[in-house]
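A structural walkthrough
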Amino acid sequence: MASPEERYNFRETEAKWQKAWADHACFRVEANSKKPKYYVLEMFPYPSGRLHMGHVRNYTLGDVVARYKKAKGFNVLHPMGWDAFGLPAENAALERGVHPAKWTRQNIAQMREQFRPLGFSLDWSRELTSCEPDYYKHEQKMFLDFMRKGLAYRKESWVNWDPVENTVLANEQVIDGKGWRSGVDVEQRKLNQWFLKITHYADDLLKAIETLGRWPDKVRVMQHNWIGRSEGARVHWPLLNPDGNARGDSLEVFTTRPDTLFGASFCAISAQHPLAVKLAESDAALRDFIADCSKAGTSTAAIETAEKQGYDTKVRARHPFTANSVPVCVANFVLMEYGTGAIFGCPGHDERDMEFARKYNLPVRCVVAPEGEDPIAFARKLESGNEAYVDDGIAIASEFLDGLKVDAAKRAAIAKLEALGRGKGTVQYRLRDWGVSRQRYWGCPVPVIHCAKCGVVPVPDKDLPVTLPDDVTFDRPGNPLDRHPTWKHVKCPTCAAAATRETDTFDTFFESSWYFARFCSPHLADQAFDKAEAMKWLPVDQYIGGVEHAVLHLLYSRFFTRALSDCGYLDGLKEPFAGMFTQGMVCHETYRTQDGAWVEPGGVRKEGEKATYNGAPVTVGRSEKMSKSKKNTVDPEHIILTYGADAARLFMLSDSPPERDLEWTDSGIEGAWRYLNRLWRLAASASANPAGAVPSAIAPAAAAALRQIHRAVATVGEDLEKFRFNSAVARIRELTNTLADLDRGAVGADAVFRLGMERVTQLVNPLMPHVAEEMWLSLGHKTLLAQSPWPDFDPVMLEDDIVTLAVQVNGKLRGTIDVAKGSDKAACESAALALPAVQRQLDGKPPRKVIVVPEKIVNIVVA
RNA sequence: GCCCAGGUGGUGGAAUUGGUAGACGCGCUGGCUUCAGGUGCCAGUGACCGCAAGGUCGUGAAGGUUCGAGUCCUUUCCUGGGCACCA
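These remarks concern the structure in this document. (Residues numbered from 1 in each chain as written. Chains lettered and ligands numbered in written order. Predicted model: local features only at pLDDT ≥ 70, side-chain atom pairs only at ≥ 80, totals over all residues. Heavy atoms only, no water.)

Examining the pairing of strand E21 (residues 448-451)
- Alignment of E21 against strand E22 (residues 455-458), held across four bridges, turns out to be antiparallel. When the bridges of E22 are listed, Cys 451 appears paired with Gly 455.
- Sheet topology note: the E21/strand E24 (residues 498-501) ladder contains two bridges and is antiparallel. Looking across to E24, one finds that His 450 is bridged to Thr 500. (Pairing = 2+ DSSP bridges. Helix = DSSP H or I, 4+ residues; strand = E, 2+ residues; numbered from the N terminus.)

A short note on the packing of aromatic side chains
- Under the definition given, this model contains 49 aromatic pairs.
- Geometrically, the ring pair formed by Phe 143 and Trp 194 is edge-to-face, given 5.3 Å between the ring centres and 80° between the ring planes. Of this pair, Phe 143 sits in helix H5 (residues 133-148) while Trp 194 sits in strand E9 (residues 187-196), placing them 51 residues apart in sequence.
- A residue is classified by how much of its surface remains accessible, and Phe 143, at 0% relative accessible area, is buried.
- Residue Trp 194 is classed as buried on the basis of its relative accessible area of 3%. (Phe/Tyr/Trp six-rings, centres within 6.5 Å; stacked < 30°, edge-to-face > 60°. Buried < 20%, exposed > 50% of the residue type's maximum accessible area, 1.4 Å probe, protein only.)

Remarks on unusual backbone geometry
- Residue Pro 465 follows Leu 464 across a cis peptide bond; omega there is -5°.
- Mapped onto the elements of the fold, Pro 465 is located in the loop between E22 and helix H14 (480-483).
- Cis geometry is adopted by the peptide bond preceding Pro 539, which originates at Leu 538 and carries an omega value of 0°.
- In this structure, Pro 539 sits in the loop between helix H16 (531-537) and strand E26 (542-546).
- A positive phi is found at Asn 32, a non-glycine position, where the angle reads about 50°.
- On the secondary structure map, Asn 32 appears in the loop between helix H1 (10-23) and strand E1 (37-42).
- According to the relative accessible area criterion, Asn 32 is exposed, its value standing at 76%.
- Of note, Glu 855 is a non-glycine position whose phi angle comes to about 65°, a positive value.
- Among the secondary structure elements, Glu 855 is positioned in the loop between strand E36 (849-853) and strand E37 (857-861).

A closer look at the pairing of E1
- Of all six residues making up E1, five are buried, and the element is well covered by its neighbours.
- Bridging between E1 and strand E2 (residues 75-77) involves three bridges; their strand directions are parallel. Looking at the pairing, Lys 37 lines up with Asn 75 of E2.
- Once the chain exits E1 it traverses helix H2 (residues 53-71) before rejoining the sheet at E2, and the crossover so formed is right-handed.
- Of the pairings in the sheet, the one linking E1 to E26 comprises three bridges and is parallel in character. Within E26, the residue paired with Leu 41 across the bridge is Tyr 543. (Right-handed = clockwise from strand over helix to strand, strands pointing away.)

This is the structure:
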């Protein structure tokens, strides 16, 4: 039985080393260092006030990288800050009457204290808080610079308006067409909004995805799809009144299939299209139809099930190539935000158009037939069926396009359109400009002033920052800035007449789009960051965070980096993150009582198959992302008090690969805790052995262990480089097992054991830094492990001079043979044939063929 | 519907370029230690047949390529994630 003294005291030990690291300022970057730089960054947290397991995992992953890179001789920047603006603070104000600033600052203080015992190698001297004016004043300046460059502009746009809350809702706050809190139908309203011109960089943002070699493919694909480039043409269709006379205007449509123009049977426009709006002025039925369209709106369920609906405006559009004309309909499936908000319909070669045509009895004309099929028969089949043909083929019934394949036909059609002045080839992006206006209090104020005479006037640089007023009330819905008695009333900077401030604030993605640059010189008062420092540290070498930010945050940051370069803040830097890693979620089993209520894991007792909560049976549900609503959360604070930070860290790193979801289990954390203690005891027992060189003549078992030590140093290093932390843990445990099982009486075993424990300590350091530091001390070292270099290995020691070969007969394993390294094929073959099991299989028959793969396998083929 | 990941023991997961499937854990079984619980230590643990030696089967399913397939190809099923009437 182990006495209490023989048990690792994590509480004292972890605190001791955290203090030592802080006293030695271990995690500050080295000024004027000759070492290569390495910038590790985890996505900065929103200060909700409570640390959760997702945070622990995220920052543990980053910490492993930071500590490993430091040991590898890099000058490491590993900062921390707070993404402190956002809606929850306003909700807290609304629900509990706490001021958002106070609530946020309290949460930050609380979370900082929760982070401390985890022992992360963070440079807290660079801490930043995005809701403080010393941070956001710089982004107000950036915004003004963007305006000057034409990268920020104002336009009318549609927003989700909650009529009860009197606010704009983000798309994710609209659930089934209703406001997430009010529960009432959300309206589409047109408001003047500020936009950032991310589309200016659409092509570059797309092309540069290829340069992001250390990003997950998944994220690159998502960004690629989000930008959504498509090549096509804009085509002008002159409009005719119902009486057949030209109206004098024309309808511009975007298409990716100009080759199918001869199959057009209608044009369709969005319900928000200016033409639809104008025609509705004199058409009550159309007004009703448009109203219906905007009601059906936002919910995915509605969109999914919505039947194609159209309204014939009786206006007709004349074909750009022929004398024919087609009806112009308003249709519920045409998006105003994409292309021109208008399409031409070719039912033969587009499924949606087909559905629409069949419903409204519009003609279906086949203009593309698959190569090698009889065009007449194919056309007959297509035109009488309900299936559109959307694949490649040969143009038919299309005059000058006949006989061309789709790609060539597209080019020919565009050339003709351009020659006739009736259209042109264009590239269309799905990506839209970034709307940054929010009708909120708790965000960075948009630094402009509205003057009746001068229009929109930027706040002069000398008047920055525009700070948020403290005396605001949340007792009524709507934007407190807007109804503040004095804040918005100012003099126009240009003409000094009475004017008003912009009361919108920025989207909170604004703050997170440049914080990585601010960390390079976080205390600079008069600039957002020092250009030289930023150019030295950026791009971030390793960025780590959740996939939920795979598109927006990362794309916005990539955009900002380009925009900041164009505004002179950076010298041509385009990409902020050279390496990106997206971690999986932390999950836990879920439990429900018989009446369906979720219950927390803490109260659940399990005996065999049965689980109970307060004596009542509960059903065990599948493992899901930890969430308050399902009560399947485990509090990191509690875990750290019970097992310490190292055990929690080890558990996070073992088993599950970091990119996959991790299932939290009690037995898992206990296993981590047991291993940690075992390591600590082993190190203590090694400390009795004198440190010194391993003698040259040692017992075979000791020699094998020595080789394994070198191999572990090699593979663990490689595993850490490649984010295979789970297999790094496995390799270290394997080595631990070998060392613990080593016969200490064997010649040289003591020296090998001692060396092995030194190496295990060094390897385990990035994973469990506190116990590693303690082991390092007990092994007699006077320096901090946190400041020690990563161990080397001898490549010569990686290979054994005896190799075990698998021996197969007809591809089935029958035994193994040990041969000297470099043995020739004949020797392997005869050794393999000599195996009794092989002889039994051969049963006297001669082998037909013997395959020998050196150092791998011998396969004997027998008839 | 489209795109992207994944399906390996009771369980989390290992497995360079095709070359000994199940490393390393968790759990479980037996034993030792202990007043006891835990800890610690020893042994075992894919399924099936067998006292054993040994054999048969086995990586979602079905085919194929190969001396040899978890890995490559074709078809198919299931799970998770993203996007969604993008013209």
